[in-house]
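Structural overview
What follows is each chain in one-letter form.
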Amino acid sequence: MYNKSYFSRLGEFKELAPAAFEAFMAFDQQALREGQLDGKLKELIAVAVAHTTGCPYCIELHVNQVKQKGATKGEMAEAVMVATALKAGSAIAHSVNALNAYDDFTEDSLYESSYFKRLPELKELSPGAFKTFIEFDQEALKPGALTKKEKELIAIAVAHTTGCPYCIELHTDGVKKKQEHQKKK
């Protein structure tokens, strides 16, 4: 199904839909251009997002590009582990919606920050799996080859890829708190 040689067919879109293809390429180059975030971090984010979407072509492309930007194998691995934690985290975060549905919750809104307060119920219902997930999640987000801030920025990008509002809120708040703490210093 997937072969590296198929990636070369992407150029056919330049012929079939030239304006859209050129617009996408311009957007892609602009999005990955150095700005407030350096190019290496943007490529680490791209590696994490590619693992979240499961696109082997994107993984191959962005791993090669992050290597060119000087990332170590350890930095790449940590970005992948953040993506893994966030993809699993999205599923566990949405378990509150499963609990609501199971309990015939009558609220109209399918997402409220307050629903996240039901997460401890999952800990009671599946204590072993919950505990090991939390341990993995905490380990994946600890500073190592990448800083806590870099990992949180990767987490925000992955959370947007998974579409998990709970994860977006959690990790955006984490970055905001870190910035506020740094301003106080």
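Keep in mind the model is a prediction, meaning the values are calculated, not measured.

A separate point is the pattern of salt bridges. Pairs can form between side chains of opposite charge whenever their charged atoms are close. Scanning all chains against the criterion turns up ten salt bridges. Measuring nitrogen to oxygen at the nearest pair gives 3.1 Å for the salt bridge that ties E78 to K151. Here K151 lies in helix α9 (residues 148-162) and E78 lies in helix α5 (residues 73-93), a separation of 73 residues in the sequence. One exposure class covers both E78 and K151, and it is buried. A salt bridge links E139 to K142; the nearest nitrogen and oxygen atoms lie 3.2 Å apart. Among the residues examined, E139 registers a relative accessible area of 48% and is labelled partly exposed.

Moving on: the environment of V175. Among the structural elements, V175 can be located in helix α10 (residues 165-184). Put simply, V175 and K4 are 171 residues apart on the chain and 37 Å apart in space, counted from C-alpha to C-alpha. Contacts of V175, omitting those with residues within four sequence positions, involve E152, L153 and I156.

Overall, the predicted model of the protein reaches an average pLDDT of 92, with 95% of residues at or above 70. Ranking the elements of the protein by mean pLDDT puts α10 last, at 77, and helix α3 (residues 39-53) first, at 97.

Moving on to the packing of helix α2 (residues 18-32) against α3. At a minimum axis distance of 9 Å, the contact between α2 and α3 shows a crossing angle of 120°. When the interaxial angle is binned, α2 and α3 end up oblique. Facing Q30, A31 and L32 of α2, the residues of α3 in contact are G39, K42 and E43. Of the residues contributing to the contact of α2 with α3, the split by class is two nonpolar, two polar and two charged.

The next thing to look at is the state of the cysteines. Here the structure, examined in full by the defined rule, presents zero disulfides. C164 carries a free sulfur, and the closest cysteine sulfur to it, the one in C167, is 3.0 Å from it. A residue is classified by how much of its surface remains accessible, and C164, at 0% relative accessible area, is buried.

Now for the packing of α5 against α9. α9 packs onto α5 with a crossing angle of 45° between their chain directions and a minimal axis gap of 9 Å. With respect to their mutual orientation, α5 and α9 come out oblique. Here α5 and α9 pass one another in a crossing that is right-handed. For the pair formed by α5 and α9, the contact residues are E78, A79, V82, A83, L86, K87 and S90 on the first element and K151, I154, A155, V158, A159 and T162 on the second.

About the criteria used
- Think of each chain on its own: its residues are numbered from 1, step by step along the sequence as written.
- Per-residue local features are limited, in this predicted model, to residues with pLDDT of at least 70; the limit for side-chain atom pairs, both in listing and counting, is 80 or more; totals at the level of whole chains, interfaces and linings are taken over all residues.
- To obtain the side-chain values, all non-hydrogen atoms of the structure were used and water was disregarded.
- In what follows, salt bridge is the name for a side-chain nitrogen of Lys or Arg lying within 4 Å of a carboxyl oxygen of Asp or Glu.
- Secondary structure is summarised from DSSP: a helix means a run of H or I of at least four residues, a strand means a run of E of at least two, and numbering begins at the N terminus for each.
- Between buried and exposed lies partly exposed: a residue is buried under 20% and exposed over 50% of the maximum accessible area for its type, with that area taken using a 1.4 Å probe on protein chains only.
- Contact definition: two residues touch when any of their heavy atoms are within 4.5 Å.
- The predictor's confidence in any single residue is recorded as pLDDT, a number from 0 to 100.
- In this analysis, axes come from line fits to C-alpha atoms, helices being fitted only over the stretch in contact, and the angle between any two N-to-C directions falls in the range 0 to 180 degrees.
- Comment on the angle field: the value is read as roughly parallel under 35 degrees, roughly antiparallel over 145, roughly perpendicular from 65 to 115, and oblique elsewhere.
- Following the grouping adopted for this structure description, the nonpolar residues are Ala, Val, Leu, Ile, Met, Phe, Trp, Tyr, Cys and Pro, the charged ones are Asp, Glu, Lys and Arg, and the polar ones are all others, Gly among them.
- Criterion for a disulfide: a pair of cysteine sulfur atoms within 2.5 Å.
- Put simply, a crossing is left-handed when the front helix is turned counterclockwise from the back one by less than a right angle, and right-handed when it is turned clockwise.

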